Amino acid sequence: MLLNMLQSATEQGLIYAVLALGLYISYSVLDFPDLSVDGTFPLGSAVTAVLIISGANPWLCLPAAFLCGAAAGVVTGLIHVKLNVTNLLSGILMMTALYSVNLTIAGRSNLQFYTQPTIFKGALARLLPERQAKLVIIILCVVVIKALFDLYMKTKSGMLLRACGANEQLVKSLSVDSGKIKMLGLAIANGLVSLSGSMMCQYNMGFDITTGTGSMVIGLASVIIGMTVFRKAKLMGDTLKVVFGGVIYYLCISASLMLGLKPQLLKLVIAALFLVILTINSKLFKGGAADA
Amino acid sequence: MLELKDICKTYNVGLINETKVLEGFNLSVPKGQFVTVIGSNGSGKTTILNLICGTIFPNSGKIFLDGSDVTSMTEFRRARHIGRVFQDTQKGTSPNMTILENLSLADNKGRFYGLGMGVNRKRIEAYKEMLAPLGLGLENKLDVLVGSLSGGQRQALAMVMCTMTDIELLILDEHTAALDPKTSELIIGLTNKIVREKGITTMMVTHNLRHAVSYGDRLLMFHRGGIEMDLSGEARRNVDVDDLLDRFNQISIESGN
């Protein structure tokens, strides 16, 4: 029983790790607190639910969700860069607009597809032992996504993205439009968030409009937990820290539910937990700025 | 080479704090000339540099670079032809990346930043040769994060990065002002070496009068949006720090402060 819960918490934590990778780009790399995430996570879910119900290949839903999320990210970027709206407000506007978009795509506030195929029920799953199938497939997805992500960060484009968050002036000095780089970063970030939404939707075999609420906090908490807990681990790359951060975070949440926390108090606990992490984090970095 | 024609620049047009900084400003810098610029605070030096680089745009007038009109060209497009080193030593490099990654980024300036690998290992020897003459030992620290370097080291790296691709104009915006005296001497020496070796047209703003008289082929003193003093050739060679100080004091008395 306990082992089962631990496994399902790890599975969901790993799905949220993909969301956390997206947040890592917008929050850590680009230094852009992007709230559109609360809209792009359910966007990925809505697109996936509709595609699966209409009979599409569940694996194709993943890139489809990524592209939809990326498009939304570009729009957030356009609002910020072209219309000079502050980064926080651009995200809030996009999140609000996406709520209606998501309802329009799905047609209603929740959609179930218990009998349709998902990535967890296809040919790949049949090759695996039944009890571990989900976990193995999720790990496989996360490994591929993380590998592609790490590879991208080493390309010229990825390096420019890292430079843009740390020193926008340098990007301009290199004769590149820094606005376009921000849009690119937001596209990748929201693409990953939406991809995570697609996986979660297939995992739950349904779309629910409320899943988006708090995505930003979940992702951000995962990023910060990962970077804080493993800050001394020199050999561990940032992305691996973020992935583990996502898993740790979700394990904590599951543990509190298991210990009898009332579900209606969950968001309160999430916010409190996040506050604690932020406080610890700022204390740590104040004490050891040289570490950063 | 660089030409500013009849430039007017007023900040906060139509507001109560409207400030006219430049009115009918003209300047022509021939190819290969190394110009040093001095002037008190508020004399318009930074405004001129910002106008040349495209950080701000003039209310009227034209700016030509190598014969082509760049007046309305955006900052990042103009940066293709102009290199700029700032007073703030943080602005020329990316702290979250290694020296090697920073150099690789700068090496690709003017070309497309696509999905090719960011670091070209074949260029490492060339990078080491660029860093060795600085005498800072940076050539042995290629994998060190730039954020952990000192201000002087970062500024030296910024100089190398902004002159490693072909540029037509180098803008130095009080680039030694934030450094300690020893490092400041090192950077100014390095600057002179790079500028002379590559023969880049250069405008260097400085508050250090000794630097202003010891380096460069032409000296400009700005005052209230105009050129108070423009020395080159014989007159430039004979001027010393005391002459400049006298002139500064004279101006200050005339303008009542």
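Residues numbered from 1 in each chain as written. Chains lettered and ligands numbered in written order. Predicted model: local features only at pLDDT ≥ 70, side-chain atom pairs only at ≥ 80, totals over all residues. Heavy atoms only, no water.

Section: the overall build of chain A
Helix and strand counts for chain A stand at 12 helices and 2 strands. For chain A, the succession of helices and strands along the chain, N to C, is α-α-α-α-β-α-α-α-α-α-β-α-α-α. Projected onto its principal axes, the C-alpha coordinates of chain A cover approximately 55 × 40 × 35 Å. Relative to its 292 residues, chain A shows a buried fraction of 51%. (Helix = DSSP H or I, 4+ residues; strand = E, 2+ residues; numbered from the N terminus. Buried < 20%, exposed > 50% of the residue type's maximum accessible area, 1.4 Å probe, protein only.)

Quick word on the confidence of the model for chain B
When pLDDT is averaged along chain B, the result is 90; 99% of the residues meet or exceed 70. Mean pLDDT in chain B bottoms out at helix α9 (residues 241–254) of chain B, which sits at 81, and peaks at helix α3 (residues 99–107) of chain B, which reaches 95. (pLDDT = per-residue confidence, 0-100.)

A word on the sheet that holds strand β10 (residues 226–232) of chain B
Residues and elements named next belong to chain B. Judged by pairing direction, the sheet is mixed, and its 6 strands sit side by side in the order β6-β7-β8-β3-β9-β10 without closing on themselves. The open sheet terminates on both sides in strands that have one partner only, identified here as β6 (82–85) and β10. Strand-to-strand twist of the sheet, defined as the mean angle between neighbouring strand axes without regard to direction, takes the value 15°. Note that strand β3 (residues 34–39) and strand β8 (residues 201–205) share 4 bridges and pair parallel. (Pairing = 2+ DSSP bridges. Axes fitted to C-alpha atoms, helices over the stretch in contact; angles between N-to-C directions.)

A word on the nonpolar core
In this structure, Ile99(B) and Leu103(B) are the most contacted members of the largest nonpolar core, which totals 103 residues. Tallying contributions element by element places helix α1 (residues 2–29) of chain A first for this core, with 13 residues. Counting 27 residues, the second largest nonpolar core, distinct from the first, contains Ile48(B), Cys53(B), Ile63(B) and Leu220(B). (Core = buried A, V, L, I, M, F, W, Y, C linked by side-chain atoms within 4.5 Å.)

Some words on the interface of chain B and chain A
Taken together, the contacts link 31 residues of chain B with 20 residues of chain A. Both faces considered, chain B and chain A share a buried interface measuring about 2,100 Å² in area, 65% of it formed by carbon and sulfur atoms. Applying the counting criterion to the chain B and chain A interface returns 2 salt bridges. Residue Glu101(B) pairs with Arg162(A) through a salt bridge whose shortest N-O separation is 3.1 Å. Our enumeration of links across chain B and chain A arrives at 12 residue pairs in polar contact (both at pLDDT 80 or more). Looking at the side of chain B that touches chain A, the elements with two or more residues in it are α2 (75–78) and α3 of chain B. (Contact = heavy atoms within 4.5 Å. Buried area = accessible area lost by both parts, 1.4 Å probe. Salt bridge = Lys/Arg side-chain N within 4 Å of Asp/Glu carboxyl O. Polar contact = N/O pair within 3.5 Å; in protein donor to acceptor, adjacent residues only side chain to side chain.)

Considerations on the layout of surface pockets
Of the volumes computed, that of the largest pocket is approximately 2,000 Å³. Lining the largest pocket we find 47 residues, and of these Tyr24(A), Met227(A), Asp238(A), Asn96(B) and Leu145(B) sit closest to its centre. Taken together, the elements giving at least two residues each to the lining of the largest pocket come down to α1, α6 (133–153), α7 (156–166), α10 (215–229), α11 (238–258) and α12 (266–287) of chain A together with α3 of chain B. Broken down by class, the residue content of the lining of the largest pocket amounts to 20 nonpolar, 12 polar and 15 charged. (1 Å grid on protein atoms, 1.4 Å probe; cavity = no way out; pocket = protein on both sides within 12 Å on 5 of 7 lines; lining within 4 Å. Points joined across faces, edges and corners; volume = space filled by probe spheres on them. Nonpolar A, V, L, I, M, F, W, Y, C, P; charged D, E, K, R; others polar.)

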